[in-house]
Amino acid sequence: MSYVAPAIKDKFETLSIDLKNNILARNVELHNIYDLMNVLEQIVKEGEEEEQNQTP
C-alpha cells in the first residue's frame, strides 16, 4: 500500500487523478518531494520507452 507523507500531501494533490492513481498503484512510500520526483521520473521514462516500442 502506498504512503504519502503529510508534508508533501498538498503537492501530491495538485497532480491529475490519473497520475495520482498511477503513483498509488506502485505501492511506494513518498516521504519527501524527492521521493515524489523519483516516481514521476520513472513514469516519464516508462512512457518514453512505450513510445519507442510502438514506433515502427
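Predicted model only: the values in this text are computed from it and were never measured.

Is there a simple way to explain the nonpolar core in this structure?
Soluble, globular proteins show a tendency: their nonpolar side chains are buried together. Counting residues in hydrophobic clusters, the biggest one holds 10 residues: Val4, Ile8, Phe12, Leu15, Ile23, Val28, Leu30, Leu36, Val39 and Ile43. The element that contributes the greatest number of residues to this core is helix H3 (residues 33-54), accounting for 3 residues. Sequence-distant contacts of Val4, that is, excluding residues within four places in its chain, are made with Lys9, Phe12, Leu24 and Leu30.

Got a minute to help me understand a negative patch on the surface in this structure?
Where like charges cluster on the molecular surface, the negative patch consists of Glu48, Glu49, Glu50 and Glu51. On the secondary structure map, Glu51 appears in helix H3.

Rules used throughout
Residues numbered from 1 in each chain as written. Predicted model: local features only at pLDDT ≥ 70, side-chain atom pairs only at ≥ 80, totals over all residues. Heavy atoms only, no water. Core = buried A, V, L, I, M, F, W, Y, C linked by side-chain atoms within 4.5 Å. Buried < 20%, exposed > 50% of the residue type's maximum accessible area, 1.4 Å probe, protein only. Helix = DSSP H or I, 4+ residues; strand = E, 2+ residues; numbered from the N terminus. Contact = heavy atoms within 4.5 Å. Patch = residues over 30% accessible without salt bridge, like charges linked within 9 Å, V, L, I, M, F, W, Y side chains within 5 Å. Areas by Shrake-Rupley, 256 points an atom, 1.4 Å probe, with all protein chains shown as cover. Salt bridge = Lys/Arg side-chain N within 4 Å of Asp/Glu carboxyl O. Lys, Arg positive; Asp, Glu negative; His and termini not counted. Charge placed at Lys NZ, Arg CZ, Asp CG, Glu CD.

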